[in-house]
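What the coordinates show
Here are the chains, one letter per residue:
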Amino acid sequence: MGFLQNKRILIVGVASDRSIAWGIAEAMHEQGAELAFTYQNEKLQDRVTKLAASVDSELVFPCDVSSDAEIESVFTELGKHWTDGIDGIVHAVAYAPRDELSGSFVDNTTREGFRSAHEISAYSFVALAHHGRDMLRQRQGALLTLTYLGGERALPNYNVMGAAKASLESSTRYMAADLGPEGIRVNAVSAGPIRTLAAAGIDNFKQMMTFNEQASPLRKNVSTSEVGNVGAFLCSDLASGVTGEIIHADAGFHAVALSGAEL
Ligand code: NAD
Ligand code: 0WE
């Protein structure tokens, strides 16, 4: 018996089989969860529908998180299938304009880039919680998001995404405080760097992966299944005492300053 048997979980953020959201979906499926998915736009519809079918799900809905109407309609539609609520919502979405993810933070960050990065990468988590609140309350559900070390420390090129991740992490704590009295938990996984679509074309990504591999205590990069297992745990009853927490799944990279390998 898996530790997510009889749990119903909505996954937001699958774009490919390399997506962290997909690693979480597979880990949750292995533990017996029933899953539903959203896709950002028609370009991704077929791919997400096929991936969903491979974990026995036919519940696939469009959702661009910049639209309140689309977010609202996900829960309206989902409520027709899952009539007594949901056990979890996974948010694995981030966006900033590509040209603002390199070079000088101060010179390259625009008002509109700052706004959209925060809207898509941080506010959307709050909006999902708002629209999913009633369904989550019915089953004492859990919310989960994905963050990165660049929200806690200044890292090269992460720039405006770092500010958005700091907002997302703070929002995780405020959401935990607000929803805790209703039995709803809110947590985040801070993943190490992984080569996903969101990493494609990022300056020096390969060098960053190599550095993380050499400097981390476990001397490796993490896989989407390693991140997925932590996400599955946080959404399960095994984590019934955990909320407002950010767990690093990064081979320990965040915990050290000099690995010893550099000396
Ligand atoms: P990915 O490209 O597979 O997933 C990003 C997802 O965001 C895609 O599914 C995309 O459709 C979705 N998205 C973007 N804008 C959207 C919008 N307006 N509406 C709906 N969906 C939208 O990449 P990933 O690396 O799996 O990213 C998932 C999460 O993990 C992100 O929050 C990212 O910041 C975080 N993360 C990634 C890494 C990494 O190195 N890849 C490390 C730590 C945290
Ligand atoms: O959160 C992320 C990346 C999120 C992301 C990626 C893109 C690329 C395509 C947000 N917006 C966009 N916009 C695009 O047009 N990560 C944690 C992966 C990542 O991105 C970096 C990193 C790491 C790690 C950017 C710079 C430096 C390190």
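Further up the page is the structure itself.
Our subject in this report is the structure included herewith. (Residues numbered from 1 in each chain as written. Chains lettered and ligands numbered in written order. Predicted model: local features only at pLDDT ≥ 70, side-chain atom pairs only at ≥ 80, totals over all residues. Heavy atoms only, no water.)

Turning to the environment of Asp 17, a few remarks are in order. With respect to the helices and strands, Asp 17 occurs in the loop between strand E1 (8–12) and helix H1 (20–30). For Asp 17, a relative accessible area of 54% corresponds to the exposed category. Sequence separation of Asp 17 and Asp 56 is 39 residues, and the distance between their C-alpha atoms is 15 Å. Residues in contact with Asp 17, not counting those within four places in the same chain, are Trp 22 and Leu 51. (Helix = DSSP H or I, 4+ residues; strand = E, 2+ residues; numbered from the N terminus. Buried < 20%, exposed > 50% of the residue type's maximum accessible area, 1.4 Å probe, protein only. Contact = heavy atoms within 4.5 Å.)

Take the side chain of His 91 next. Along the polypeptide, His 91 turns up in strand E4 (residues 88–91). A polar atom in the side chain of His 91 sits 2.8 Å from the side chain of Thr 145. With sequence-adjacent residues up to four places away left out, His 91 is seen in contact with Val 12, Ile 120, Ser 121, Ser 124, Phe 125, Leu 128, Leu 144, Thr 145, Leu 146 and Leu 168. (Polar contact = N/O pair within 3.5 Å; in protein donor to acceptor, adjacent residues only side chain to side chain.)

What follows deals with H1. Residues lying three or four places apart along an α-helix face the same way, a consequence of the helix completing one turn every 3.6 residues. With 8 of its 11 residues buried, H1 lies for the most part within the structure. Those residues of H1 that fall on the buried side of the exposure criterion are Ile 20, Ala 21, Trp 22, Gly 23, Ile 24, Ala 25, Ala 27 and Met 28. Gly 32 occupies a position one or two residues after H1 and carries a positive phi of about 95°.

With that out of the way, let us pick up the packing of aromatic side chains. Counted according to the given criterion, the structure contains 3 aromatic pairs. Judged by centre distance (4.9 Å) and plane angle (65°), the ring pair of Tyr 148 and Tyr 158 falls under edge-to-face. Residue Tyr 148 is found in the loop between strand E5 (142–147) and helix H6 (159–179), and its partner Tyr 158 is found in the loop between E5 and H6; the two are separated by 10 residues along the sequence. Given the relative accessible area of 14%, Tyr 148 is considered buried. (Phe/Tyr/Trp six-rings, centres within 6.5 Å; stacked < 30°, edge-to-face > 60°.)

Another aspect to go through is the pairing of E4. Burial along E4 is two-sided: the face carrying Gly 88 and Val 90 and the face carrying Ile 89 and His 91 are both buried. Direction of pairing for E1 relative to E4: parallel, over a ladder of 4 bridges. Bridge pairing in E4 links Val 12 to His 91. By the bridge criterion, 4 bridges tie E4 to E5 in an arrangement that is parallel. Bridging across to E5, Val 90 finds its partner in Leu 144. (Pairing = 2+ DSSP bridges.)

On to the pattern of salt bridges, then. Summed over the entire model, instances satisfying the criterion amount to 13 salt bridges. Ionic pairing is found between Arg 8 and Glu 34, a salt bridge with its closest N-O pair at 3.5 Å. Of the two residues, Arg 8 sits in strand E1 while Glu 34 sits in strand E2 (residues 34–39), which places them 26 residues apart along the sequence. Judged by relative accessible area, Glu 34 falls into the partly exposed class, the value being 39%. Residue Asp 87 is joined to Arg 139 by a salt bridge in which the shortest nitrogen-to-oxygen separation is 3.0 Å. Of this pair, Asp 87 sits in the loop between helix H3 (68–81) and E4 while Arg 139 sits in the loop between helix H5 (111–138) and E5, placing them 52 residues apart in sequence. Residue Asp 87 is classed as buried on the basis of its relative accessible area, which comes to 6%. Within the structure, one salt-bridge network assembled from shared partners comprises Arg 8, Glu 34, Asp 84, Asp 87 and Arg 139. (Salt bridge = Lys/Arg side-chain N within 4 Å of Asp/Glu carboxyl O.)

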